[in-house]
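# Fold and geometry: a report
Here's the letter readout for the chains.
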Amino acid sequence: MTTRLFDHVRIVTAGVMLVGTCLTSAGAVAQETIRVGAPLPLTGPLSPEGIKQKRGYDLWAKTVNEAGGITVGEDTYEVEIIYVDYESNTPRAVQSAERLITEDEVNFLFSPFGSGAAKAASSVSERYRIPTIAATASSEQVYDQGYKFLFGTFTPNSTLTDPLAEIVAGSSEDIQTVAIYARNDLFPLAIAEEMRISANEKGYEIVAFDEYSIGTVDHASTLTLMRRSQPDWIFATGYINDLILIRQQMTDLGVEPKVLTMIAGPAYKEFIEATGSAAENVSSAAWWHPAVSYEGEGIFGATSDYVAAFEAEYGSLPDYAEASASAAGVILQLAIEESGSIDPEAVRDTLTQMDATTFYGPIRFGETGQITSLEPPVFQIQGGAPVVIYPEAVKQADMLYGDIQ
Amino acid sequence: MLYIQILLNGLMLGGLYACIAVGFSLVWGVLNVINIMHGSFVVLGSYIAYFAYVHLGVHPFFSIVLSGGALFVLGYALQAGLINRVVGAPVLTTLVLTFGLDLLLNNAMLLAFSADYRTVRLENPFGSLIVADLVIPLNRLYGMLLAGALTALLYMVLVRSRMGRAIVAVRMDSEAAALMGVNVKRIFALTFGIGALMAGAAGSLLSLIFPISPIASTDFLGIAFVVCVLGGLGSIAGAMVGGLALGVIQSFGALFIGPQHGLTIAFILLIILLIFKPTGIMGRRGYE
Amino acid sequence: MTRVVSVLIGIALVACLPVLGDNYLLRLGTMFAMYAALALSWNIIGGFAGYPSFATAAFFGLGAYTGAILQGTGVSMFIAWAGAGLVACGFAALLGMAILHLKGHYFAIASLVVAEVLLEVATSWTSVTGGGMGLNLPVLQISVEAQARLFFYAMLTIAVLALGMNWLVANGKLGFALRCIRQNEDASSMVGIDTTFYKVTGFALSAVFVGSAGAIYASWVFYIEPADVFSVLTSVKPIVMVLLGGAGTVLGPVIGAFVFIVMEELVWRNFLSFHAAVLGLLIVGLIFFVPNGILGLLRRRWTSGSRPQSSEENVE
């Protein structure tokens, strides 16, 4: 009988020891480095996005360290980014954030990908009062919990849809009706709602507002209806696989609006590669584009310098997600250098007051922590590559209408 | 007119659904094993077609042979090597085993191919046929016809060949079949291999129609499930009927109730059927 | 008696975890308690009765949303958690009456699909559940340490209650009936056991603590989305844990949950790109080498040969 008892005790103790050893193997942390935690979806459905963010962060860290590190008062610190893969699973993202803060003792945090996970993880970083920068979270709902330590590099979704609506309204084309087709997910739905508002303001008639569930493999029914109602403007949101499929099915079923706007696929070269000639004249908007031109403070200098550095490192042009991740690093660095310390409270206060220009654009944060100073470019795919239509300062071409096959 | 278009959409979609599901149904009906890897098999077939096209210029419709062959070997090996050991085991064991194997396979594909979505873009796309205001995308039409042909071929094999009759015998009563001299273990392996073959072939067909990524495997698995329950297990006609039915129901459902409920419709249907007629439209019969 | 004592000691030891002062360890402990509760709950319908239920995710998500919605109307956390458990229980009873006549694979699929349907409902019913944009919960204004402790003890309580329930069921009439059903349902009903009643009761009981755990989870993370709380993994992991520990035993699920959580954490830390594959390997290994769970292995070693199994032990 007693052997049973001892066996139980042995098992429990062994377990505790096992857990203890692997957890304490993190070891002590020497402070000549600034540690930034970056939970990312490196596997699972969101991994393409996670890898983009990682590229942006890595480029920043590498550039900073090669230049000697971040200057804090009289010392220079190296930057170390600690990655954790949360497997595209939001609860794991939250767990990762806590692990990075308590086990790896990071000084700062970069948010997980997307609005949902960023919001969930922000509850952890807020509790520990760790300044957190979200590089890919645009929905205002992410920032609506009154948190003080969360900052975001994407402006609210309306800043994408308003300029679009304005441009189309200002054209001489006869465009009256809009059909909106959105994926039922935090970001795609939120931006579709913003489009509805922007379009209403400009006096368009919204003939349809449909949502499709995550995992939909066929859009034929809605597209068939669109073929009959023939809206002038179709606005579709989703992730890249959804948009590729929708574009293809539009071609198959002969849906040919005068304007086709998709968010957020066309910004990525993968979209253009997958759709080929069907990508022509698809319009979109994003928070940044390689063609914008800002003279930057910060480690990368001007936009063109950043683009060159990115191309040298990865062999392709950066898209807005990659640039935003690098920008998050630059912003953090500027805040640290300006406050002259790595104390979280001091850095956080500096961030709220920040007024700088970087390769990514002007940086000023609003009350909720979301950036308010960007002018997201509108672009269109012409001749197989994206060209900027707006803002005026960096415009490369006029918007083309019609000719969507 | 609108309804006819929707019906056509549904039928074409349904033909593809049937192709995805027929292998799954066969394995489930004959071995009583739910193969969670089925979705990943389809995706693997798509990748084979994709790389065959990009590197060798082989048209996806022809690489059916390639994907089918490769997946058959994989399936046979897996069954003979691993799954055969748990064929008699409780439902949970086989489910958890194939779930674990699927984790392995899917992760391997993710590492090898990355999660980026790819599509096969033909040099000369098929375009669409326009008949009196009805639009028929040709890639889907051909896909559906080829899927039908493959399924019919499978049916022929099952009805005519010795091996096919052995499979049917095992499905009806494996003990009796063993008594008649059938090597049941080998038939199991063969059946699983054929199931994988059909999945791979479906993947080839689908590579022209759906974007390819390891992430899509769960979508395909879900479709296979619903089709099997709808149509009845282990029967080819059942898979065909179930697939077509699901395609049409989803198409009309999206029209009347809204596209965001496309999946919900399928699942509610599934539950209702399970509660009232679990053996599906065609029942367990199908070969006789 | 010694077993009861050693279990109580074990619980007491685990309850002392906050003493170590490591919040991350406490988070792991909370996850362990949560999964232990899920595994123990599943054990009732899956282990004792032998019905392969994949409905755990459905109950968990239902509990999470119920708790979140209740808290949104101003109800206190603790009442919300209890309410969630009751709602899950009621739902399971109704669901059970609808699908428990199915066997084997069909039952498995039906239970799995329920979670999918609930997920779609949660995604569509935006006015109540926030739809695809998720639901916020009130943020607690207490310190990080206090929060970590609060949720740890809450989950631990649920786990202990679930353990107690398992023990009561195992030693009572319900457990006896469920085991009979598992061995041969037709014979059981011929002998006079009201199989429907016992199955539905077992199913309903298997939902109570899962629902509460879901609500506690929602309060813990302050924000839930349909895809997080209705994830199929929430159904699969407890099953693997119970199989790992020993299905149909009282302690098996707890041991399985513990070992699984440790393994998962080790794998996650050390195999950045292929942890899913390693998990898959572990599961496959489990099926082949430890088919009766850890408790089954241990029992085999201790009672090798002569001693007959006593009636409360694992029935293979």
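Calculation rules
- Residues numbered from 1 in each chain as written.
- Chains lettered and ligands numbered in written order.
- Predicted model: local features only at pLDDT ≥ 70, side-chain atom pairs only at ≥ 80, totals over all residues.
- Heavy atoms only, no water.
- Core = buried A, V, L, I, M, F, W, Y, C linked by side-chain atoms within 4.5 Å.
- Buried < 20%, exposed > 50% of the residue type's maximum accessible area, 1.4 Å probe, protein only.
- Helix = DSSP H or I, 4+ residues; strand = E, 2+ residues; numbered from the N terminus.
- Contact = heavy atoms within 4.5 Å.
- Buried area = accessible area lost by both parts, 1.4 Å probe.
- Salt bridge = Lys/Arg side-chain N within 4 Å of Asp/Glu carboxyl O.
- Polar contact = N/O pair within 3.5 Å; in protein donor to acceptor, adjacent residues only side chain to side chain.
- Nonpolar A, V, L, I, M, F, W, Y, C, P; charged D, E, K, R; others polar.
- Pairing = 2+ DSSP bridges.
- Axes fitted to C-alpha atoms, helices over the stretch in contact; angles between N-to-C directions.
- Left-handed = near helix turned anticlockwise from the far one by under 90°.
- pLDDT = per-residue confidence, 0-100.
- Expected span 1.5 Å × (residues − 1).
- Parallel < 35°, antiparallel > 145°, perpendicular 65-115°, else oblique.
- Phe/Tyr/Trp six-rings, centres within 6.5 Å; stacked < 30°, edge-to-face > 60°.

## A few points about the nonpolar core
Ranked by internal contacts, the top residues of the largest apolar core, which has 340 residues, are Tyr57, Trp60, Phe110, Tyr320 and Tyr360 of chain A together with Ile224 of chain C. Top element by residues in this core is helix 2 (residues 23-48) of chain C. It accounts for 17 residues. Once residues within four sequence positions are removed from consideration, Trp60 of chain A is found in contact with Ile70, Val79, Ile81, Phe110, Ile299, Phe300, Ser326, Gly329, Val330, Leu332 and Gln333 of chain A. Core analysis: the next-biggest nonpolar cluster, separate from the first, contains eight residues, Ala134, Ala137 and Leu150 of chain A together with Phe222 of chain C among them.

## Description of the interface of chain A and chain C
The interface is formed by 45 residues belonging to chain A together with 40 residues belonging to chain C. Between chain A and chain C lies a buried interface of about 4,200 Å² when both sides are counted; carbon and sulfur atoms form 61% of it. Seen at the junction of chain A and chain C, the total is two salt bridges. Two residues, Arg92 of chain A and Glu264 of chain C, come together in a salt bridge whose shortest N-O distance is 3.4 Å. Summed over the shared surface of chain A and chain C, the result is seven residue pairs in polar contact (both at pLDDT 80 or more). Of all the secondary-structure elements, those providing two or more residues to the side of chain A that touches chain C are helix 1 (2-24), strand 3 (75-85), helix 3 (90-102), helix 4 (114-127) and helix 6 (186-201) of chain A. In terms of residues, the side of chain A that touches chain C owes the most to one element, helix 1 of chain A, which gives 12 residues. Its residues placed into classes, the side of chain A that touches chain C shows 20 nonpolar, 13 polar and 12 charged.

## With respect to the pairing of strand 2 (residues 134-137) of chain B
Residue and element names in this part refer to chain B. Burial of the side chains of strand 2 extends over both faces: Leu134 and Ile136 are buried on one face and Val135 and Pro137 on the other. Direction of pairing for strand 1 (residues 128-131) relative to strand 2: antiparallel, over a ladder of four bridges. Looking at strand 2, one finds that Ser128 is bridged to Pro137.

## A look at the packing of helix 13 (residues 252-270) of chain C against helix 14 (residues 275-289) of chain C
Residue and element names in this part refer to chain C. Running from N to C, helix 13 and helix 14 cross one another at 145°; their axes reach a closest spacing of 9 Å. Note on packing geometry: the crossing formed by helix 13 with helix 14 is right-handed. For the pair formed by helix 13 and helix 14, the contact residues are Phe260, Met263, Val267 and Trp268 on the first element and His275, Val278, Leu279 and Leu282 on the second. Here the contact of helix 13 with helix 14 is built from residues that sort into seven nonpolar, one polar and no charged.

## Regarding the confidence of the model for chain A
Residues and elements named next belong to chain A. Summing up the model confidence of chain A, the mean pLDDT is 86 and the portion of residues at 70 or higher is 92%. Averaged over each element, pLDDT in chain A is lowest for helix 1 (49) and highest for strand 4 (residues 108-110) (96). In this model residues 20-30 is a low-confidence stretch, pLDDT under 50, and it forms 11 contacts with partners more than four residues away in sequence or in other chains.

## Description of helix 10 (residues 195-221) of chain C
All names here are of chain C. Relative to the 39 Å expected for 27 residues at 1.5 Å per residue, helix 10 spans 40 Å between its end C-alpha atoms, a close match to the ideal helical length. In terms of burial, helix 10 is a largely internal element, 23 of the 27 residues being buried. A positive phi of about 70° marks Phe222, the residue just after helix 10.

## As for the packing of helix 2 of chain C against helix 12 (residues 233-245) of chain C
Residue and element names in this part refer to chain C. The N-to-C vectors of helix 2 and helix 12 enclose an angle of 75°; their axes lie 9 Å apart at closest approach. Classed by the angle they form, the pair helix 2 and helix 12 counts as roughly perpendicular. Every residue of helix 12 that contacts helix 2 at Tyr35, Leu38, Ala39, Trp42 and Asn43 is listed here: Thr234, Lys237, Pro238, Ile239, Met241 and Val242. Of the residues in the contact of helix 2 with helix 12, the class split is eight nonpolar, two polar and one charged.

## Quick notes on the interface of chain B and chain A
Contacts between the two partners involve 32 residues from chain B and, on the opposite side, 35 residues from chain A. Both faces considered, chain B and chain A share a buried interface measuring about 2,800 Å² in area, 58% of it formed by carbon and sulfur atoms. Taken as a group, Tyr117, Pro259 and Gln260 of chain B account for 19% of the area that chain B buries against chain A, more than any other trio of residues on that side. For the interface between chain B and chain A, the tally reads one salt bridge. A salt bridge links Arg140 of chain B to Asp218 of chain A; its shortest N-O distance comes to 2.9 Å. Split by residue class, the side of chain B that touches chain A holds 20 nonpolar, seven polar and five charged.

## Details of the pairing of strand 1 (residues 33-40) of chain A
In the case of a regular strand, side chains alternate between the two sheet surfaces. Residues and elements named next belong to chain A. Strand 1 sits mainly inside the fold: eight of its eight residues count as buried. Judged by which residues are buried, strand 1 turns out to be covered on both faces: Thr33, Arg35, Gly37 and Pro39 on one side and Ile34, Val36, Ala38 and Leu40 on the other are all buried. Looking at chain direction, strand 1 and strand 3 are connected through eight bridges and run parallel. Residue pairing across strands places Pro39 opposite Val84, the latter belonging to strand 3. Sheet topology places strand 1 next to strand 4; two bridges connect them, and they run parallel. Following the sheet pairing, Gly37 is matched in strand 4 by Leu109.

## A few points about the packing of aromatic side chains
Residues and elements named next belong to chain A. Scanning all chains against the criterion turns up 44 aromatic pairs over all chains. Measuring from centroid to centroid gives 6.1 Å for Tyr306 and Phe310, while their planes differ by 50°, and the two rings are tilted. On the criterion of helical spacing, the pair formed by Tyr306 and Phe310 is a turn pair, its members being four residues apart in helix 10 (residues 303-314). Accessibility expressed as a relative area gives 0% for Tyr306, which makes it buried. The exposure class of Phe310 is buried, given its relative accessible area of 0%. Between Phe359 and Tyr360, the ring centres sit 6.3 Å apart and the planes meet at 65°, which makes this aromatic pair edge-to-face. Of the residues examined, Phe359 reaches a relative accessible area of 1% and is grouped as buried. What makes Tyr360 buried here is its relative accessible area of 1%. Chaining the aromatic ring pairs together yields one cluster made of Trp288, Phe300, Tyr306, Phe310, Tyr314, Phe359 and Tyr360.

## A few points about the pattern of salt bridges
Residues and elements named next belong to chain A. Enumeration over the complete set of coordinates arrives at 23 salt bridges over all chains. For the salt bridge of Glu87 with Arg92, the shortest nitrogen-to-oxygen distance reads 3.3 Å. Take Glu87: its relative accessible area is 25%, and that puts it in the partly exposed class. In this structure, Arg196 engages Glu193 in a salt bridge whose closest nitrogen and oxygen atoms are separated by 3.4 Å. Separated by three residues within a single helix, Arg196 and Glu193 lie in helix 6, roughly one turn from each other. You can call Arg196 partly exposed: its relative accessible area is 29%. Glu193 sits in the partly exposed class, given a relative accessible area of 26%. Overlapping salt bridges, with partners in common, bring together Lys52, Lys269, Glu270 and Asp319 in one network.

## Some thoughts on the sheet that holds strand 5 (residues 132-134) of chain A
All names here are of chain A. Across the sheet, which stays open at both edges, the six strands sit in the order 2-3-1-4-5-6 with mixed pairing between neighbours. Two strands close off the open sheet at either side, each with one partner strand: strand 2 (70-72) and strand 6 (150-152). Taken pair by pair, the neighbouring strands of this sheet meet at an average axis angle of 30°, ignoring direction.

## Some remarks on the sheet that holds strand 10 (residues 259-263) of chain A
All names here are of chain A. Spatial strand order, 8-7-9-10-11-14-15: seven strands in an open sheet with mixed pairing. Edge positions in the open sheet fall to strand 8 (205-212) and strand 15 (385-390), since each of these has one partner strand only. Averaged over all pairs of adjacent strands, the angle between strand axes in this sheet comes to 25°, irrespective of strand direction. As defined by bridge partners, strand 9 (residues 233-237) adjoins strand 10 across five bridges and the pair is classed as parallel. If you follow Trp233 over to strand 10, its bridge partner there is Val259. Here helix 8 (residues 240-253) sits on the sheet and contacts strand 7 (177-183), strand 8, strand 9, strand 10 and strand 11 (282-285); the angle it forms with strand 10, its principal contact strand, is near 160°.

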